[in-house]
Amino acid sequence: MVIFGVALLSICMLTGIFLGEMMGLSLGIEANVGGVGIAMLMLVLIVDYLKKRDKLSKAAQDGVGFWSAMYIPIVIAMSANQNVAGALDGGPLAIITGIAVVLISWMFVPILSKSKSQTSSENITVDNDIIGGKTTNVRNIK
Amino acid sequence: MFETLSNVFIENQLIVSFAIVGITMYIAYVISNKLTKGRIHGSAIAIIIGLLLAYIGGVTTGGEKGLSDISIFAGIGLMGGGMLRDFAIVATAFGANFDEIKKAGLNGIASLFIGVILSFIVGVAIAFAFGYSDAVSLTTIGAGTATYIVGPVTGAAIGASSEVITISIAAGLVKSILTMIGTPFIAKYIGLNNPRTAMVYGGLMGTTSGVAGGLAATDPKLVPYGAVTATFYTGLGCLMAPSILFLITRALFG
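Predicted model, so just to flag it, every value in this text is computed and none were measured.

1. Here's the deal with the overall build of chain B
- Secondary structure assignment for chain B yields 13 helices and 0 strands.
- Put simply, chain B runs from its N terminus to its C terminus through helices and strands in the order α-α-α-α-α-α-α-α-α-α-α-α-α.
- For chain B, the C-alpha radius of gyration of 20 Å lies close to 18 Å, the compact-globule estimate for 254 residues.
- Expressed along its principal axes, the backbone C-alpha trace of chain B runs to roughly 65 × 45 × 30 Å.
- If you take every contact in chain B between residues at least 6 apart in sequence, the share linking residues at least 24 apart comes to 67%.
- Accessible surface, chain B as shown: approximately 9,600 Å² in total, 70% of it carbon and sulfur.
- Separation between the mean location of the 12 positive side-chain charges and that of the 10 negative ones in chain B comes to 16 Å.

2. What about the overall build of chain A?
- The helix and strand inventory of chain A stands at 7 helices and 0 strands.
- Seen in sequence order, chain A has helices and strands lined up from the N terminus as α-α-α-α-α-α-α.
- Sorting the 142 residues of chain A into buried and exposed places 50% on the buried side.
- Considering only residue pairs separated by 6 or more positions, chain A has 54% of its internal contacts joining residues 24 or more positions apart.
- Put simply, chain A shows about 7,200 Å² of open surface, and 67% of that area lies on carbon and sulfur atoms.

3. Observations concerning the nonpolar core
- The biggest cluster of nonpolar side chains holds 111 residues, and the ones touching the most others in it are Leu43, Trp67 and Tyr71 of chain A.
- Sort the elements by how many residues they give to this core and helix α13 (residues 223-253) of chain B lands first, with 11 residues.

4. Section: the UniProt feature "transmembrane region" (unreviewed entry) in chain A
- According to UniProt, the feature "transmembrane region" (unreviewed entry) maps to residues 29-50, 62-80 and 92-112 of chain A in the numbering used here.
- Secondary structure over residues 62-80 of chain A splits into 89% helix and 0% strand, and the C-alpha atoms at its two ends are 28 Å apart.

5. A short note on the side chain of Arg85 of chain B
- Relative to the elements of secondary structure, Arg85 of chain B occurs in helix α5 (residues 82-92).
- By relative accessible area, which is 16% here, Arg85 of chain B ends up buried.
- Among residues more than four places away in sequence, those in contact with Arg85 of chain B are Ile74 and Met78 of chain A together with Thr208 and Ser209 of chain B.

6. A closer look at the domain arrangement of chain B
Residue and element names in this part refer to chain B.
- According to the domain assignment, chain B consists of domain 1 (1-82) and domain 2 (89-254).
- One C-alpha centre belongs to domain 1, the other to domain 2, and the line joining them spans 26 Å.
- Residue-level contacts link 7 residues of domain 1 with 8 residues of domain 2.
- For the pair domain 1 and domain 2, the two sides together bury roughly 590 Å², of which 88% comes from carbon and sulfur.

7. Considerations on the pattern of salt bridges
- Counted by the stated rule, this structure contains 3 salt bridges over all chains.
- In this structure, Lys58 of chain A and Asp62 of chain A form a salt bridge, with 3.0 Å as the shortest nitrogen-oxygen distance. Linking Lys58 of chain A with Asp62 of chain A, this pair stays in helix α3 (residues 58-69), spanning 4 residues, or about one helical turn.
- One salt bridge connects Asp86 of chain B with Arg85 of chain B, and the closest N-O pair in it is separated by 3.1 Å.
- Exposure remark for Asp86 of chain B: the relative accessible area of 13% places this residue in the buried category.

8. Overview of the interface of chain B and chain A
- Taken together, the 108 residues of chain B in the interface contact 85 residues of chain A.
- Regarding the contact of chain B and chain A, the summed buried area is about 8,700 Å², with carbon and sulfur atoms giving 76% of it.
- On the surface where chain B and chain A come into contact, there are 0 salt bridges.
- Linking chain B to chain A there are 8 residue pairs in polar contact (both at pLDDT 80 or more).
- With 16 residues, helix α10 (residues 162-186) of chain B is the single largest residue contributor to the side of chain B that touches chain A.
- A breakdown of the residues in the side of chain B that touches chain A according to their chemical character gives 64 nonpolar, 32 polar and 12 charged.

9. Some remarks on helix α2 (residues 13-34) of chain B
- Here α2 of chain B spans 31 Å end to end across 22 residues, near enough to the 32 Å set by a 1.5 Å rise per residue.
- Three or more residues of α2 of chain B are buried, namely Val16, Ser17, Val21, Thr24, Met25, Ala28, Tyr29 and Ser32 of chain B.
- The inward-facing, buried residues of α2 of chain B contact α4 (71-79) of chain A together with α1 (2-11), α3 (42-61) and α4 (74-79) of chain B.

10. A closer look at α10 of chain B
- With 25 residues, α10 of chain B should cover 36 Å at 1.5 Å per step; its first-to-last C-alpha distance of 34 Å lies within 8% of that length.
- The largest bend along α10 of chain B measures about 35 degrees and falls at Met180 of chain B, with the proline Pro184 of chain B one to four residues further on.

11. So, the UniProt feature "transmembrane region" (unreviewed entry) in chain B
Residues and elements named next belong to chain B.
- As recorded in UniProt, the feature "transmembrane region" (unreviewed entry) lies at residues 12-31, 43-60, 72-96, 108-130, 164-186, 198-218 and 230-253.
- Helix makes up 95% of residues 12-31 and strand 0%, with an end-to-end C-alpha separation of 29 Å.
- The annotated region residues 72-96 carries 68% helix and 0% strand content, and the separation between its end C-alpha atoms amounts to 37 Å.

12. Let's talk about the environment of Ala241 of chain B
All names here are of chain B.
- By secondary structure assignment, the location of Ala241 is in helix α13.
- Sequence-wise, Ala241 and Phe120 are 121 residues apart; in three dimensions their C-alpha atoms are separated by 7.9 Å.
- Among residues more than four places away in sequence, those in contact with Ala241 are Thr139, Ala143, Val150, Thr154 and Phe246.

Quick notes on the rules
- Residues numbered from 1 in each chain as written.
- Chains lettered and ligands numbered in written order.
- Predicted model: local features only at pLDDT ≥ 70, side-chain atom pairs only at ≥ 80, totals over all residues.
- Heavy atoms only, no water.
- Helix = DSSP H or I, 4+ residues; strand = E, 2+ residues; numbered from the N terminus.
- Rg over C-alpha atoms; globule rule 2.2 N^0.38 Å.
- Contact = heavy atoms within 4.5 Å.
- Areas by Shrake-Rupley, 256 points an atom, 1.4 Å probe, with all protein chains shown as cover.
- Lys, Arg positive; Asp, Glu negative; His and termini not counted.
- Charge placed at Lys NZ, Arg CZ, Asp CG, Glu CD.
- Buried < 20%, exposed > 50% of the residue type's maximum accessible area, 1.4 Å probe, protein only.
- Core = buried A, V, L, I, M, F, W, Y, C linked by side-chain atoms within 4.5 Å.
- UniProt positions renumbered as here; feature names shortened; annotations may be inferred.
- Domains from an automatic or database assignment.
- Buried area = accessible area lost by both parts, 1.4 Å probe.
- Salt bridge = Lys/Arg side-chain N within 4 Å of Asp/Glu carboxyl O.
- Polar contact = N/O pair within 3.5 Å; in protein donor to acceptor, adjacent residues only side chain to side chain.
- Nonpolar A, V, L, I, M, F, W, Y, C, P; charged D, E, K, R; others polar.
- Expected span 1.5 Å × (residues − 1).
- Bend = angle between axes of the 7 residues up to and from the residue.

Below you can see the structure in the form of structure tokens.
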């Protein structure tokens, strides 16, 4: 059933967020430490385990797939929620800092990802249709 | 009639937001195909439209939540809020390959630490150039340069003025917005086309919304890899900025 997939996803998220909160508490900080990341790792491992044993029905997979496909629309709604006016009101210091850190971080990306990379770009095993968007349109630079 | 319509919208907020986002995406993809011949990805255009709407919403209402401050569009706040965003991000892991995450694990962790420290240094240096010289203000602005959550958390912990905290939030917001817009354009030049680089990217940039939006507009297949590291960044920043990074800053600037 579709709800099994959605419930699995929910349980992973709740467990992850809970562990993230506990991690934050135990470190004495007011933030969730990687809750979503923990949830993602849980989901990957559980789905892998269930798929290998053929315990995850097509419908249950569709339940997760739907939310995965809703990701881009949700991100667009998220962008419409940003405090853009606030960011621009922060004055030149905030704007220059924000721009500088992005540019400098970009320069570090190739340096940090260099070691024996470039091998894995071809073998990403993803069910393209569940992520949403047409694959032909996926890469913006052709 | 207008009142009835507006009531229908207000009572069905979330459904309104599905319709608005769907229409926005349709328009964005038409612009992408017709005006840019597919060179600029539809999602990137949709995100820019979203940010423009957020700006209009912010200016007209004076609120902090962009378009969702306008009552008939409040559902956008629910759809794009933390709960559904995190839910959808977790769901993207469904398509991720655990072996790829394991392979790039060490690079990802290294990039997290380097990302937090690098952002902090850039923030402190620019704040110093703008005339701030006390350790508390410098640390808070440096922390805000990590993400707009690390800034206020750190500022509150070490007792920064509200003016400095505001600047730190704004710096983090600029970073997040620029990451959303800029990622698809810079991707080609920094080799951002494989899971390993995406994980490093998430760790270096750290802003979950920025990385999530930016990668979505670059290549949706990369989203889970970037998100899995980015979600650790804010926690790490909140851990390091008010403690070790503050102590170092205080030792240097007194």
